[in-house]
Amino acid sequence: MKLLKWPLILALFALLLFPSWLMVANSFSPAMGFLRNPPRLTPYEWTLKNYQRAFALEHLSRWILNTGALAVITIAGGVLINGAAGYAFGFCKARWIQWLFWAFMVPIFVTRYVLIIAQIRIVGTLGLDGLAAVVSMSLYWATGVFLFRNYYRSIPHEVLESARIAGAGEWRILLQVVLPMSRAMVGAAVVFLGMRSLGDYIWQMLNLQAVEARTYLVGLMATTLDVYAVKNIGYDLTVGTLLFLPYLALFAVSSRYFIKGLQIGAVKG
C-alpha cells in the first residue's frame, strides 16, 4: 500500500490540475485554433494576441485599483467586524447571547444569492451605491464569526483576566491580545474574505454599472460577453487565467495559516 500511496496522490493531483492546464495552455490559442482536428492538449499555434488584447483594455488599471481597494477594505474591515463578533459571542456570559449567536448564523444555511433582494433594499434605504454598496454587504461573514468564536475559546481565560486586571478594556484586549494570538485564524479569514471580494460577481455586477467603477472581475467578464463579436474561446480562457491569478497569489501568501486556522476554529467549541 505504501508503494501505491504517492503514485495515487500524484495521479489525483494531475486529475485535479488537468482543467487548469487546459485553461492556461489554450489561452495562448488563436481565435480559430479550436476548430482544428484532432483536439490536442496544447495549441496547434501559440500566440500572445489574447493577452495583448486583455492588457490593452482602456480601464484595466482602474479596475485593478478598484479591486485592490475593495479587497483591502473587505479584508481589514471583515477581520475586525467578524473578529469582534466572535469575541462577543465567545466570552459574553449573558443568557440570551447564544440565541443571538444562532440568529447571526442563519446566512450559513442559505446561498448568498437568496439574500440579494434584501441586500438591495438595505443599501437602497441607506442610500449606498457603487463601491460603498459592494463593501457594505461584503464585510459580514457568518462562517467567520463561527470560526473566530470557536478559535477564541482555545485561548486561556487567565490571559484575558490578566489583561482586565491591568486595566485593559474589551476593545484593547481584542486588538492587542486576542487577535495577535489568533494569527492562524486571521490568516484563514484573510483568504476567505479576499476570495469573497475577488469572486462576488453577481453583487458587484449589480452595483458597479459605470465602466470606470467596475472591478477587475466585472470588467474582464464584460469583455467576454460581446454577442456581436466572433467568439474567441482563447480570449475567454485568457480572462479565466487572469482572474485565477489573484486567487493563487492570495492563497500563496496566507496558506501557512489557512489550514491551521480552519482546523482549530472548527474543532474547538
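Keep in mind that what you see is a predicted model, and the values were worked out from it rather than measured.

Asker: Explain the overall build of the protein here, please?
Answerer: On a plain count of helices and strands, the protein comes out with 13 helices and 0 strands. When the helices and strands of the protein are listed from N to C terminus, the series reads α-α-α-α-α-α-α-α-α-α-α-α-α. Expressed as lengths along the three principal axes of its C-alpha atoms, the size of the protein is roughly 75 × 60 × 30 Å. By the burial criterion, 39% of the 269 residues in the protein qualify as buried. Within the protein, residue pairs in contact and separated by at least 24 positions form 72% of the contacts whose partners lie at least 6 positions apart. Counting every atom, the protein has about 16,000 Å² of accessible surface; 70% of that belongs to carbon and sulfur.

Asker: Hey, could you run me through the environment of Ala252 in this one?
Answerer: If you trace the backbone, Ala252 turns up in helix α13 (residues 233-267). The exposure class assigned to Ala252 is exposed, which follows from its relative accessible area of 56%. Separated by 103 residues in sequence, Ala252 and Arg149 have C-alpha atoms that sit 25 Å apart.

Asker: Explanation requested: the pattern of salt bridges in the structure shown.
Answerer: A side chain of one charge can pair with a side chain of the opposite charge when the charged atoms of the two come close. Per the stated rule, a full pass over the model turns up 2 salt bridges. Among the ionic pairs, Glu161 bridges to Arg164, the shortest N-O distance being 3.1 Å. A residue pair is termed a helical-turn pair when its members lie 3 or 4 positions apart in one helix, as Glu161 and Arg164 do in helix α8 (residues 157-165) at 3 residues. Classification of Glu161 as partly exposed rests on a relative accessible area of 41%. The closest approach of N and O atoms between Glu170 and Arg164, which form a salt bridge, is 2.9 Å.

Asker: In this structure, what is going on with helix α10 (residues 183-199)? I would like to understand it.
Answerer: The α-helix advances 3.6 residues per turn, and as a result positions three or four apart in sequence lie on the same side. In this model, α10 (17 residues) spans 24 Å end to end at C-alpha, consistent with the 24 Å of a helix rising 1.5 Å per residue. Looking only at α10, the buried set comprises Ala184, Met185, Gly187, Ala188, Ala189, Val190, Val191, Leu193, Gly194, Ser197 and Leu198.

Asker: How should the packing of helix α4 (residues 97-104) against helix α7 (residues 142-152) be read in this particular structure?
Answerer: Each pair of packed helices can be summarised by the angle the axes make with each other and by the distance between the axes. Packing of α4 against α7 brings their axes to within 9 Å, and their N-to-C directions diverge by 140°. Taken together, the axes of α4 and α7 lie oblique to each other. Counting all contacts with α4, which are made through Gln98, Phe101 and Phe104, the residues of α7 involved are Ala142, Val145, Phe146 and Arg149.

Asker: I'm lost on the confidence of the model for the protein in this one. Help?
Answerer: Caution is warranted with low-pLDDT regions, since their predicted coordinates should not be read in detail. Chain-level statistics for the protein give a pLDDT mean of 85 and a share of 91% at 70 or above. α13 is the least confidently modelled element of the protein, averaging 76 in pLDDT, while helix α3 (residues 60-91) averages 93, the highest of any element.

Asker: I tried to follow the nonpolar core on my own but got confused; where do I start?
Answerer: With 27 residues, the main nonpolar core has Tyr87, Tyr152, Ile173, Leu174 and Val178 as its most contacted residues. Elements with a contribution of two residues or more to this core: α3, α7, α8, α9 (170-178) and α10. Residue contributions to this core peak at 7 residues, all from α10. Excluding residues that lie within four positions of it along the chain, Leu174 makes contacts with Gly83, Ala84, Tyr87, Tyr152, Leu179 and Pro180. Listed in part, the 14 residues of the second largest apolar core include Leu57, Tyr201, Tyr216 and Leu217.

Asker: Even after reading the chapter, I still don't get the environment of Leu65, so can you show me in this structure?
Answerer: Residue position: Leu65 is located in helix α3. Look at Leu65 and you get exposed, because its relative accessible area is 60%. Spatially, the C-alpha atoms of Leu65 and Arg214 are 9.8 Å apart, while their sequence positions differ by 149 residues.

Asker: Quick question: what am I supposed to make of the packing of α3 against α10 here?
Answerer: At a closest axis distance of 9 Å, the pairing of α3 and α10 adopts a crossing angle of 140°. Comparing their axes, α10 and α3 come out oblique. Where α3 crosses over α10, the handedness of that crossing is right-handed. The residues of α10 that touch α3, namely those facing Thr67, Leu70, Ala71, Thr74, Ile75, Gly78, Val79 and Asn82, are Val186, Ala189, Val190, Leu193, Gly194, Ser197 and Leu198. Grouping the amino acids of the contact of α3 with α10 by side-chain chemistry returns 9 nonpolar, 6 polar and no charged.

How each quantity is defined
Residues numbered from 1 in each chain as written. Predicted model: local features only at pLDDT ≥ 70, side-chain atom pairs only at ≥ 80, totals over all residues. Heavy atoms only, no water. Helix = DSSP H or I, 4+ residues; strand = E, 2+ residues; numbered from the N terminus. Buried < 20%, exposed > 50% of the residue type's maximum accessible area, 1.4 Å probe, protein only. Contact = heavy atoms within 4.5 Å. Areas by Shrake-Rupley, 256 points an atom, 1.4 Å probe, with all protein chains shown as cover. Salt bridge = Lys/Arg side-chain N within 4 Å of Asp/Glu carboxyl O. Expected span 1.5 Å × (residues − 1). Axes fitted to C-alpha atoms, helices over the stretch in contact; angles between N-to-C directions. Parallel < 35°, antiparallel > 145°, perpendicular 65-115°, else oblique. pLDDT = per-residue confidence, 0-100. Core = buried A, V, L, I, M, F, W, Y, C linked by side-chain atoms within 4.5 Å. Left-handed = near helix turned anticlockwise from the far one by under 90°. Nonpolar A, V, L, I, M, F, W, Y, C, P; charged D, E, K, R; others polar.

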